[in-house]
Amino acid sequence: MATLKPMPVATKISAPFWQALKENQLKIQQCKQCEGWVFFPRNHCSHCLAHELQWQQVSGEGTLYSYTLTRIPTMPEFSDEMPQALAVVELAQGVRINTTLIDVAEQDIKIGMPVKAVFDKVSSDGDTLLRFTSINNAGGVREYINPLNGLERNDKGQVQVPLSNLAALYALADNKYTDWSNVVVVDQDLINAFADLSGDDYWLHTDPERAKTDSPFKTTIAHGSLVQVLQSRLTIALPFEIIGFNNMVNYGSNRLRFPAPVPAGATIYGRSKVKDISVSHKGVQLTLEMNIHVVGNDKPSVINDLVILYR
Ligand SMILES: [Zn+2]
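Small disclaimer: the values here were computed from a predicted structure and weren't measured.

Some thoughts on the overall build of the chain
Helix and strand content of the chain: six helices and 16 strands. Expected size for 311 residues packed as a compact globule is a radius of gyration near 19 Å; at 27 Å, the chain overshoots this value by more than 25%. Relative to all contacts within the chain whose residues are 6 or more apart in sequence, the contacts with residues 24 or more apart total 59%.

Focus on the nonpolar core
Within the largest apolar cluster, 18 residues are counted, with the highest numbers of intra-cluster contacts made by Leu64, Ala87, Val89, Leu101, Ala117 and Phe132. Not counting residues within four places of it along the chain, the set of residues in contact with Phe132 comprises Ala87, Val89, Thr99, Leu101, Val115, Lys116, Ala117 and Val118.

Examining the pairing of strand S4 (residues 61-69)
Across three bridges, the pairing between S4 and strand S7 (residues 114-121) is antiparallel. Paired with Thr63 across the bridge in S7 is Pro114. For S4 and strand S5 (residues 85-91), the ladder comprises seven bridges, and the chain directions are antiparallel. In the strand pairing of S5, Leu69 is matched with Ala85.

A few points about the sheet that holds strand S16 (residues 302-310)
Spatial strand order, S11-S14-S15-S16-S13: five strands in an open sheet with antiparallel pairing. Either end of the sheet is taken by a strand with one partner, and the two such strands are strand S11 (184-186) and strand S13 (248-257). On average, adjacent strands in this sheet sit at an angle of 35° to one another, irrespective of strand direction. Of the strand pairs in this sheet, strand S14 (residues 266-280) and strand S15 (residues 283-294) are connected by twelve bridges, and their pairing is antiparallel. Looking across to S15, one finds that Ile277 is bridged to Leu286.

Some remarks on the domain arrangement of the chain
We note that the domain assignment places domain 1 (15-139) and domain 2 (159-310) within the chain. Between the C-alpha centres of domain 1 and domain 2 the distance comes to 45 Å.

A closer look at the UniProt feature "domain: MaoC-like" (unreviewed entry) in the chain
UniProt marks residues 184-282 with the feature "domain: MaoC-like" (unreviewed entry), using the numbering shown here. Secondary structure within residues 184-282 divides into 28% helix and 32% strand; the distance between the first and last C-alpha atoms comes to 36 Å.

With respect to the pairing of strand S6 (residues 96-101)
Here six bridges tie S5 to S6, and the two strands are oriented antiparallel to one another. Bridged to Ala87 within S6 is Thr99. Between S5 and S6, which pair antiparallel one after the other, the connecting turn spans four residues, and Gly94 there sits at a positive phi close to 100°.

Considerations on the sheet that holds strand S1 (residues 26-31)
Across the sheet, which stays open at both edges, the three strands sit in the order S2-S1-S3 with antiparallel pairing between neighbours. Strand pairing shows two members of the sheet lacking a second neighbour, strand S2 (37-38) and strand S3 (53-58), which therefore form its edges.

Observations regarding the environment of Gln54
For Gln54, the location among the structural elements is in strand S3. With 10 C-beta atoms packed within 10 Å, Gln54 lands in the exposed category. Residues Gln54 and Asn175, spaced 121 residues apart in sequence, show a C-alpha to C-alpha distance of 37 Å. In contact with Gln54, other than residues within four places in its own chain, are Gln29, Gln30 and Lys32.

Basis of the calculations
Residues numbered from 1 in each chain as written. Predicted model: local features only at pLDDT ≥ 70, side-chain atom pairs only at ≥ 80, totals over all residues. Helix = DSSP H or I, 4+ residues; strand = E, 2+ residues; numbered from the N terminus. Rg over C-alpha atoms; globule rule 2.2 N^0.38 Å. Contact = placed C-beta atoms within 7 Å. Core = buried A, V, L, I, M, F, W, Y, C linked by C-beta atoms within 7 Å. Buried ≥ 20, exposed ≤ 12 C-beta atoms within 10 Å, placed from the backbone. Pairing = 2+ DSSP bridges. Axes fitted to C-alpha atoms, helices over the stretch in contact; angles between N-to-C directions. Domains from an automatic or database assignment. UniProt positions renumbered as here; feature names shortened; annotations may be inferred.

Have a look at this one:
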């Protein structure tokens, strides 16, 4: 995923439509009984109510039936597409499709103008939206362009993403982990120091002798919250730097879990990925999933969905 714009969710009935778009084909349903064309996808004919519909590939040519231009974004996620030409296109088969008209200047948009389909690749995964353009334009496939391409890089090689560039911000949430950080050893001295500081001196953390016999781990383990704060000692090589904001605050955590113990003496490291970007009146919220593992253990010891607020 490299877009956090709201995306269509295919249902069992509509899945062939979305799959065909991925393959750069427009398929709509036709009734086997009355040969009527049907759109949107459904399980009965809208003309004769028969249940025998079949998917047929069509040319994608039609005419503009109606449109409106958005002067304010319909949702913040669409602010990079302004103005959107929200359109209703009537296909040659007579059915009407809600869509977006692209690559046509405002003054050139005319009701009744001939249009053709564009298969717009909107994510790196090949997700495709059906849009339309003037019959005089090149139709066909509009390839996915990563909005991070072409941005400046800093001297650490990180791509610099301005807070105002929403499309690029959304592209950061690509669900890919960074490389592993440096390692830190969590020894008994460190655990004892944290027990003194926090007041949590439960024997499972601080009494190695008793832990040998009474602990299910046969040794002392670090406090989950100790391992959590040790993330400050882990240098995570984020592939990006957000620029152009006034201030940045740690807004807390959406999820904090300690799925696996860290035995005293273990070596830990961490990695992270951008999980979510959202925009609200408070600013831009970036959710960074931070995972800390004992080196070599597939199961994380800490999962922390950190929320950072930029404004
Ligand atoms: Zn029918």
